[in-house]
Amino acid sequence: MDYNRDNPLRVRTLRHLRGRLHHDFLVTLATRLLDSGEQEDLNSAISLYREALQLPAPHPERSASLNDLATALSMRFKQSGRHEDLEEAISLHREALELFPAPHPLRSSSLNNIANVLLTRFEQSGRQEDLEEAISLHREALDLFPAPHPLRSTSLNSIAVALLTRFEQSGRQEDLKEAISLHREALRLRPAPHLLRSSSLHNLATALSTRFGRSGRHKDLEEAISLHREVLELLPAPHPLRPSSLNNIAAALLTRFEQFGRHQDLEEAISLHREALQLRPAPHSERSTSLNNLAKALSTRFKQSGRHEDLKEAISLYREALELLPATHLLRSSSLNDIAAALKTRFEQSGRQEDLEEAISLHRAALQLRPAPHPDRSISLNNLANALWARFDQSGRHEDLEEAISLHREALEVLPATHPLRSSSLNNIGYALLKQFEQSGRQEDLEEAISLNREVLEVLPAPHPDRSASLHSIAYALRTRFEQSGRQEDLEEAISLHREALQLRPAPHLDRSSSLNDIAAALSTRFEQSGRHEDLEEAISLHRKALELRPAPHPDRSTSLNNLAKVLWARFDQSGRYEDLEEEISLHREALQLQPAPHPDRSISLNNLAAALSTRFDRSRRHEDLEKAISLLREALEVLPATHPLRPSSLNNVGTALLKRLEQSGRHEDLEEAISLYREALKLGPRSSSLNNLAIALSTRFEQSGRHEDLEEAILFLQDALGLLATGHPSICEYSLNLGNTFMRAYTHFNDLGDLQRAMDVFRKAVACETAPASRRFRAAREWASHADFSTHDSALDAYQAAIELLPRLAMLSLDLSSRQQALTSFTDGLACAAATCAIQSGEFERAVELLEEGRAVFWSQALQLRTPMTDLREVAPGLEETLRDISHALEQGSLRDVSWDVSDNSQQRMSMEHEAGRLRRLNDKWLATLEEARKLKGFEDFLRPQRISTLLGAAAEGPVVILNASKGGCAALILTSLNGVQHVPLALTFADVTVLVDLMRIATAPGHGDLTHSASIRGHVGGLLQQVLPSTTLQLMRQSWESRDMTRGQTNSDFQVILAVLWQSVVRHVFHSLGLEKSDMPPNLWWCPTGPFTFLPIHAAGMYNAGEPQCVSDYVVSSYTPTITALLGDMPVSDPFKMMVVIEPNTPNQNELPYTIDELQRIESHVPEKDLIKFNSANVKEVLLYLPTISIAHFACHGYQHPENPLESALMLYGGPLKVSKLTKQPTPNVRLAFLGACQTATGDKTLPDEAIHVASTLLFAGFQGVIATMWSICDEDGPKVADAFYKYLYRKKPSTIADMFQPDTREAAQALHVAVDKLRSEGVSFKRWVPFIHMGSIQKTWFRKGTKPIKAQQKGHSSWNDPFIREGSPVEAFTKSKVRPQRVK
């Protein structure tokens, strides 16, 4: 063939060769430029690739050129964020794919290329379809590589990476599981010595590390480390990939250190990073990466040990890495961020302002290198925002906070709705807004923060791996709103969200311990608000579980130790359990040992241990504890530089400890130093808490020195502290209370009525702060009432009224019964009695009655409110009536729920309980709102409010009601009669007198009383009391009898004679004189309504039994008791047919035998027709509760038990188990009229809640019984049949008009029947201890109509109509003879 110059074939051949050479030259040059990482070189490379692509089609290298250009464009996109580059890259790869139709051997590579750029676009935009298509393309590529194709392992790895991406986005466990499976298959296809085995080992290790990070499976992390070590063995020095392998092992070891705290892992990681750095000497292209890795490891060691040289070296390494990256390098912005983060850490530890300023400057420089639309711009925006927030937190510059929020908002704007990082950005804004709210109090910031967090939660459905973190964020925001507004539903939802987060972190999830701590913290908050002990107990249990998950040397163990110590202190504060305090101190000591100097958190542990020792000093007065506490606090202060953000708090703590030492030693220098420290804290930032503390110290100095300027300054500082608080801030209550006390101090010293008025005004402001917890408002109201009462200020009654009105908020209807009782135990403490005394002293006797009625028996008043008929409302507003009826039913049922828990309960069970608590809380709010709506109706202004005096006087229709009030301000009787209203009778007894009588009564009635002796204080007090109230002749006889009591074993009559004589002389005779009562064979009915310590005294038995002419209460009246006036206002139930249930328990397990109960049943059978009887011998609780709604009279002859700590656990002891008060409250009893409790202690109240009347007898009154026969202490077994016999003989006596077949007992005569029965027992000469305990409680009001009979006429007021053969004859006979020991009905 002729190859001359003009030959066409030769020309085409030469052109092809020149084109091929030109293409190869362009590609080579472009590739070299691409490797430099410089922006200009990258742009030049793209231009060269475009030129190479201009070769005419169908050039055999066109597909390669398409891929080369697409790769370069992808790189430029990652650097600049230009979306058009990414879109063009995808288009080019799709064009290349079209050049490789199936079954072209290069089609699989092209499929993988498209899949990879689609993954890149998904990571930027969050477009789910890109991720799904990428996975689909990788699967198609894999199908083209059946085993044993040499490229199958590569395709397996590609699919696995895509599936891991989808797992991280959706949380689908099956994706993670498949990814690990695919990596394992790829590894099997690459046995040693396969060149790519190290790559597969690395990929599998990475996937296992991911699963460990989500599930906490330790074996995954251990296998990952093992795989990385195998990789390293395959890459001996000087293999170019050995440094990367070293870094991978180091990263895995750091993860294990962060989980388990094994310091050898941290040390090895640092050593491996140093070796990797040595293998990358300058000017190695990856040296900057190794510098950064080593710096991060050193930063981690600094955070654990506090070694400043580690942080210093880390910053130096970061700076060296930055110098290796010119201004246009792709990684320079990341390096700037790394240095900035390290400098910010150093600032947080040292307070060096220049570090923070440089950090901000570096973050700004990094942001400039990531102009819009750079894919990492949002990260830089957030980093800069966080640094500005740190400066705001340190300096208070609001412009920094505003800019931080603006930057967070911009970061959000650059992320499309589906972007994977959008949820993080929303969280950042929410957190910043929360911080802004905490500074400014702007409610809209808080609301927006909550709204943003809810938006995050919506885009992260379960099982998304980030959902648990989002649940934590919204729970934190809700807790913040709760602390600001006191909205209980926010706290309930926060607890529920924390529980859901815990469910998403099952053991051994890495963050499970954090979730346990979150729930515990929220439960602790709820305990502080409601006093629910089960919350505190669960919080302690959860913190213990969290601590178990952080064994030494876990890096977070010290945090868990401190958390557990805190809740143990709370329990100690509540219960006084000394072992809790000792454990708290032990835990703080361990935490301190885990944080040796110069650990960055050592100051926190020093402060915590000091606080615990200070508390122990408060209890034990061990001066070494206080001295050690002060020493620890000083050490904490020394390690905090002047600019450290925690220094103000530490200064305040030292000042507070010094003030405490001042109270003990009076060392004036302590006070001066405390004031100096408070002033220094104030200079570091105008914080309201510092102002408050300084004011208290200055007020104390005023007390010592009388320096008027100190008091003026204290008042000024407290006013300034209040001025810093936003409207509605919860601390307004506390600071106003302190200001009020300071004004009162000024008034006490200078007697300026203006100070008194100002104190009353700020006390009123404290109480009116509705965002503060009800407990704080109540404390402020008590302080207000105390000061106003003492100063005779005209606001005293308003203060008492405010405190009493807060009681229902402390014991809300949405709480269970036990929690309500606990809340009342914590707060009531004689409040109503003090309020009544104040009203009496003001001459407002009717208001005194109203205050007593509203402030006592709150437990029952609330419950009765739910059972009140609403017939009148139904006629006017049937819709409102129906709503209230439905709510009341739901609340009543909810209050009976079981809130007990066990450590074995799962999260779902606890969540269910929390949801129920939240539902009931909302119902409680709806109940209150609906009540207010009803009260707007004409004629319903007082609907379901506490009863007015006009209504209460109706309780005296059948006889006088005598309220006996006892408070530290004095004792008095208030007599209610239907004709004369309220009469006031002053009593000579003091509160201390009544209390001593109660102590004496407890000695006289205690089992084994013969071994008890009177204390010197009781002897002295009683002796003085006898001298004061008794006539001289009677006094001499009684004193001789009483003083000989201790020498006569087993005799307590002398004690009873003293108690009953004092009650007669000091109380009863004055009441009877006011009523004009005289001895009578037909005594009228009278109701005693004792308050405070009077509730433990037998007023009904008061009398002069040793006088020449004996006289006692029963000579004048038939006594009944009532826990409240309202309890006498109910209607008598109508029951037909009549039934009586008798329960006897002669042989209750684990109790003393009661053989006389069999005799008791026989006595009852002799009076009650068989057809009317339902009898149980050895009953179980279920049977009794089943019959209660159907019977008219219930008689129990059994042991009784008064629980010393929880009266709701008091019970009648049946053979089948205890019939508890808590169970009786749940039982509706529509037909019952009378209960006879022939058991012990059935009317014994709780000594901590004397005005709440929580015992078995009052429970039955609440449940619907019209009257109850009960006992004030243990009774003798053989007395039960005697009293029952006489009692029922009287009730079932034949009357002239009675038709035998239709006769039913008139239970309105129960009080008179007991009067007769006890009189008969007395006539046998038994001791006081045996006949005095029997009492009648309840009403005899309202005529009872039986079906088919005429109504029984009510007796004439003031007289009884019975005529019984056992009427008392002559004077009572005292029994001083020795008798055999009789079984006592007592547990």
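Please read all numbers here as calculations on a predicted model, not as lab measurements. Note on numbering: residues in each chain are counted from 1, in written sequence order. Only residues with pLDDT of at least 70 are given local features in this predicted model, and only at 80 or more are side-chain atom pairs given and counted; all residues enter the totals for whole chains, interfaces and linings. The side-chain figures draw on all heavy atoms in the structure; neither hydrogens nor water molecules are used.

### Points about the environment of E455
Position of E455 among the secondary structure elements: in helix 20 (residues 443-458). Buried means the residue's accessible area, taken with a 1.4 Å probe over protein chains only, is under 20% of the maximum for its type, while exposed means over 50%, and partly exposed covers the values in between. With relative accessibility at 31%, the residue E455 sits in the partly exposed group. Each C-alpha atom, one on E455 and one on L426, is 8.0 Å from the other, the two residues being 29 residues apart in sequence. In this analysis, two residues are considered to be in contact whenever any of their non-hydrogen atoms come within 4.5 Å of each other. Once residues lying within four places of it in the same chain are set aside, the contact partners of E455 are R422 and L426. Numbering of helices and strands runs from the N terminus; a helix is a DSSP stretch of H or I covering at least four residues, while a strand is a stretch of E covering at least two.

### Observations concerning the pattern of salt bridges
The term salt bridge refers to a pairing of a side-chain nitrogen on Lys or Arg with a carboxyl oxygen on Asp or Glu at a separation within 4 Å. Scanning the entire structure with this criterion turns up 84 salt bridges. The shortest N-O distance in the salt bridge between R139 and E178 comes to 3.0 Å. With a gap of 39 residues between them, R139 in helix 6 (residues 128-143) and E178 in helix 8 (residues 173-188) connect regions that are remote in the sequence. A residue is classified by how much of its surface remains accessible, and R139, at 31% relative accessible area, is partly exposed. The residue R377 makes a salt bridge to E410 at a minimum N-O spacing of 3.0 Å. Placement of the pair is R377 in helix 17 (residues 377-395) and E410 in helix 18 (residues 398-413), with a sequence separation of 33 residues. R377 sits in the buried class, given a relative accessible area of 14%. Taken together, the shared-partner salt bridges connect E1278, D1279, K1282, K1320, E1324 and R1330 into one network.

### So, the pairing of strand 10 (residues 1193-1197)
Counting buried residues along strand 10, 5 of its 5 residues qualify, which places the element largely inside the surrounding structure. Burial of the side chains of strand 10 extends over both faces: I1193, H1195 and A1197 are buried on one face and A1194 and F1196 on the other. Strands pair, by our definition, only if DSSP identifies at least two bridges between them. The sheet contact formed by strand 10 and strand 14 (residues 1234-1238) spans 5 bridges and is parallel. Across the sheet, I1193 pairs through a bridge with L1234, a residue of strand 14.

### A closer look at the pairing of strand 1 (residues 961-967)
Taking burial as the measure, the 7 residues of strand 1 include 7 buried ones, the bulk of the element. Here strand 1 shows two buried faces, one formed by V961, I963, N965 and S967 and the other by V962, L964 and A966. With 7 bridges joining them, strand 1 and strand 2 (residues 970-977) adopt antiparallel strand pairing. In the strand pairing of strand 2, N965 is matched with A972. Where strand 1 hands over to strand 2, the hairpin turn is made up of 2 residues, counted between the paired strands. Note: strand 1 against strand 4 (residues 1085-1090), 4 bridges, orientation parallel.

### Side note on the state of the cysteines
Here a disulfide denotes a covalent bond joining the sulfur atom of one cysteine to the sulfur atom of another. When the sulfur atoms of two cysteines come within 2.5 Å, that pair is taken as a disulfide. In this structure the tally under the stated criterion is 0 disulfides. Of all cysteine sulfurs, the one in C971 lies closest to C833, which takes part in no disulfide; the gap is 9.2 Å.

### A closer look at unusual backbone geometry
A cis geometry characterises the amide bond from A147 onward to P148, with omega recorded as 5 degrees. With respect to the secondary-structure elements, P148 resides in the loop between helix 6 and helix 7 (152-170). The linkage connecting A237 with the following residue, P238, adopts the cis geometry, with an omega of 5 degrees. Residue position: P238 is located in the loop between helix 10 (218-234) and helix 11 (242-260). Positive phi values are uncommon outside glycine, yet N751 reaches one of about 55 degrees. Tracing the chain through its elements places N751 in the loop between helix 33 (731-750) and helix 34 (753-767).

### Concerning the sheet that holds strand 12 (residues 1211-1214)
Pairing in this open sheet of 3 strands is antiparallel, and the strands run 11-12-13 from one edge to the other. At either margin of the open sheet sits one strand with a lone partner, and together these are strand 11 (1199-1201) and strand 13 (1217-1220). Direction aside, neighbouring strands of the sheet carry axes that sit 30 degrees apart on average. One ladder, built from 3 bridges, connects strand 11 with strand 12; its direction is antiparallel. Lines fitted to the C-alpha atoms define the axes, with helices restricted to the stretch that makes contact. Angles between their N-to-C directions range from 0 to 180 degrees.

### Brief notes about the nonpolar core
Here, nonpolar core means buried Ala, Val, Leu, Ile, Met, Phe, Trp, Tyr and Cys residues that are tied together by side-chain atoms lying within 4.5 Å of each other. Judged by nonpolar contacts, the single largest core of 115 residues is most densely connected at F1094 and F1287. If we ignore the near neighbours within four places in the chain, the residues touching F1287 are L1234, F1236, I1269, A1310, A1313, L1314 and A1317. Of all hydrophobic cores here, the second largest spans 107 residues; its members include Y678, A697, A759 and L953.

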